[in-house]
Amino acid sequence: MSEQNSFLVFSGTNTRYLAEKICQSLGCPLGNLLVTRFSDGEFSVSYEESIRGRDVFLVQSTFPNSDNLMELLLMIDAAKRASARHIIAVIPYFGWARQDRKDKPRVSIGAKLVADMLSVAGIDRVITMDLHADQIQGFFNVPVDHLYASGVILPYLQGLKLKDMVIASPDVGGSKRANTYAKYLGCPLVLCNKTRARANVVESLQIIGDVKGKNVIIVDDMVDTAGTITKAADIMIESGALSVRACASHCVMSGPASERVQNSSIEEIVFTDSIPYTNRCSKVKQLSVKDMFAETIRRVVHNESISSQYLV
């Protein structure tokens, strides 16, 4: 079997835009998958070509709503029943990742539940990017290739050629990521101390570090309602920062996020295209991770190391 015929790439409905770009980078066609929807909201998937004995890569981010996760589970089950050799779930954005621990009594650990469902469905490997918490890799009993958006974001930040640059973390939890960016770019690190009134609502925020006369880059893994990141930007400008930009791996941008970013002190906010963004905001820029995922797929097919893909 030739290399071109040894693997196939398929996509779920809402991640097709990225899967097509990955296939273009790989130089292969996107596999033919049919999703049939019923009037009550139920749906089924079927492969319209033989996948027997093939390595099957299923590209699907599991962002809300839950149909995206259910679609991926059905794709995995159908591939297993169609005698695929290996089933690799390519999940650029792994949803439910914020539920990675019991942070109060009587709550679920959603990330572990999703990992269990994917495993029971029949995956042999996971390729994902910038999990909300690194330890989620341990929720799986199959190999996890954990990629980092820094591979596309850091070159972009270097290309800005900003003087007096400072990297900032919007909360203490993201300090490790921000420190990695600061070390690579050779610039200082600033932290934000955040307390929440409840989910998605910031009660107070203080800046730890000096931003006066600096060009600040806020680094995060995802932006949901944009409450924290816009509040941090406004406080930094009030504290004397020359400019504030932001970058994050995943463009969740739900609810009032686009309006908040548009009306904030943020000059530009940079994401990857792991999640489709349709509510356009002039300050939002998306960088594609198609080549990074395509190269990882190629290396998995050839049993090659992927560690050289990491900038930091």
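All of these numbers come straight from a predicted model, not from anything done at the bench.

**Re the environment of Arg260**
- Along the chain, Arg260 falls in helix α8 (residues 257–262).
- For the pair Arg260 and Ala226, spaced 34 residues apart in the sequence, the C-alpha separation amounts to 6.7 Å.
- Discounting residues that sit within four places of it in the chain, Arg260 has contacts with Thr225, Ala226, Gly227 and Thr230.

**Structural notes on the pairing of strand β12 (residues 243–251)**
- Burial of β12 is extensive: 9 of the 9 residues sit out of reach of the surface.
- Where strand β11 (residues 215–223) lies against β12, 8 bridges are found, and the strand directions are parallel. Note on β12: the bridge partner recorded for Met222 is His250.
- Considered for its hand, the β-α-β crossover made up of β11, helix α7 (residues 227–238) and β12 is right-handed.
- When β12 meets strand β13 (residues 266–272), the two strands line up parallel, connected through 4 bridges. Of the residues in β13, the one forming a bridge with Cys247 is Val270.
- For the handedness criterion, the β-α-β arrangement of β12, α8 and β13 is classed as right-handed.

**Concerning the side chain of Gln309**
- The residue Gln309 is located in the segment after α9 (290–301) in this model.
- For Gln309, a relative accessible area of 18% puts it in the buried group.
- Only 2.4 Å separates the side chain of Gln309 from the side chain of Thr296, close enough to count as a polar contact.
- Sequence-distant contacts of Gln309, defined by excluding residues within four places in its chain, comprise Leu147, Met292, Glu295, Thr296 and Arg299.

**Focus: the packing of aromatic side chains**
- One pass over the full model with this rule turns up 4 aromatic pairs.
- A centroid spacing of 4.8 Å and a plane angle of 80 degrees characterise the contact between Phe10 and Tyr47, whose relative ring orientation is edge-to-face. In this pair, Phe10 sits in strand β1 (residues 7–11) while Tyr47 sits in strand β3 (residues 43–47), placing the two residues 37 residues apart along the sequence.
- The buried category is assigned to Tyr47, whose relative accessible area is 13%.
- A centroid spacing of 5.9 Å and a plane angle of 70 degrees characterise the contact between Phe94 and Phe140, whose relative ring orientation is edge-to-face. Highlighted residues: Phe94 in the loop between β5 (86–91) and α4 (110–121) and Phe140 in the loop between β6 (125–129) and β7 (144–147), separated in sequence by 46 residues. Across this residue pair, the class does not change: Phe94 and Phe140 are buried.
- Just above the ring of Phe43 sits the side chain of Arg37; from NZ or CZ to the centre is 4.9 Å.

**Overview of the packing of helix α5 (residues 150–160) against helix α6 (residues 175–185)**
- At their nearest, the axes of α5 and α6 sit 11 Å apart, and the two run at 45 degrees to each other. By the angle between their directions, the pair α5 and α6 is classed as oblique. The element α5 and its partner α6 pack so that their crossing is right-handed. For the pair α5 and α6, the contacting residues are Ser150, Ile153, Leu154, Leu157 and Gln158 in the first and Tyr181, Tyr184 and Leu185 in the second.

**A look at α5**
- Listing the buried residues of α5 in full gives Ser150, Ile153, Leu154, Tyr156 and Leu157. An end-on view of α5 places all buried positions within 160 degrees of arc, on one side of the element.
- Contacts from the buried residues of α5 go to β8 (165–169), α6, β11, β12, β13 and β14 (284–287).
- Just past α5, the residue Lys161 takes up positive phi, approximately 55 degrees.

**A look at the state of the cysteines**
- By the definition in use, this model includes 0 disulfides.
- Summary of cysteine pairing: Cys192 is not part of a disulfide, and the nearest cysteine sulfur, belonging to Cys247, is at 13 Å.

**Re the pattern of salt bridges**
- One pass over the structure, following the stated rule, counts 14 salt bridges.
- The shortest N-O distance in the salt bridge between Arg245 and Glu267 comes to 3.1 Å. One end of the pair, Arg245, is in strand β12; the other, Glu267, is in strand β13, and 22 residues separate them in sequence.
- A salt bridge links Glu295 to Arg299, with the shortest nitrogen-to-oxygen separation between them at 2.7 Å. Remark: Arg299 and Glu295 occur in helix α9; sequence separation between them is 4 residues, near one turn of the helix.
- Accessibility expressed as a relative area gives 21% for Glu295, which makes it partly exposed.
- For Arg299, a relative accessible area of 16% corresponds to the buried category.

**Overview of helix α3 (residues 67–81)**
- Between its first and last C-alpha, α3 extends 21 Å over 15 residues, near the 21 Å set by a 1.5 Å rise per residue.
- Taken residue by residue, α3 has Asn68, Leu69, Glu71, Leu72, Leu73, Met75, Ile76, Ala78 and Ala79 as its buried positions.
- Residues of α3 that are buried in the fold lie against β1, β2 (33–37), β3, β4 (55–59), β5 and α4.
- Following α3 by one or two positions, Ser83 has its phi on the positive side, about 70 degrees.

Basis of the calculations
- Residues numbered from 1 in each chain as written.
- Predicted model: local features only at pLDDT ≥ 70, side-chain atom pairs only at ≥ 80, totals over all residues.
- Heavy atoms only, no water.
- Helix = DSSP H or I, 4+ residues; strand = E, 2+ residues; numbered from the N terminus.
- Contact = heavy atoms within 4.5 Å.
- Buried < 20%, exposed > 50% of the residue type's maximum accessible area, 1.4 Å probe, protein only.
- Pairing = 2+ DSSP bridges.
- Right-handed = clockwise from strand over helix to strand, strands pointing away.
- Polar contact = N/O pair within 3.5 Å; in protein donor to acceptor, adjacent residues only side chain to side chain.
- Phe/Tyr/Trp six-rings, centres within 6.5 Å; stacked < 30°, edge-to-face > 60°.
- Lys NZ or Arg CZ within 6 Å of the ring centre and 35° of its normal.
- Axes fitted to C-alpha atoms, helices over the stretch in contact; angles between N-to-C directions.
- Parallel < 35°, antiparallel > 145°, perpendicular 65-115°, else oblique.
- Left-handed = near helix turned anticlockwise from the far one by under 90°.
- Arc of directions from axis to C-beta.
- Disulfide = S-S within 2.5 Å.
- Salt bridge = Lys/Arg side-chain N within 4 Å of Asp/Glu carboxyl O.
- Expected span 1.5 Å × (residues − 1).

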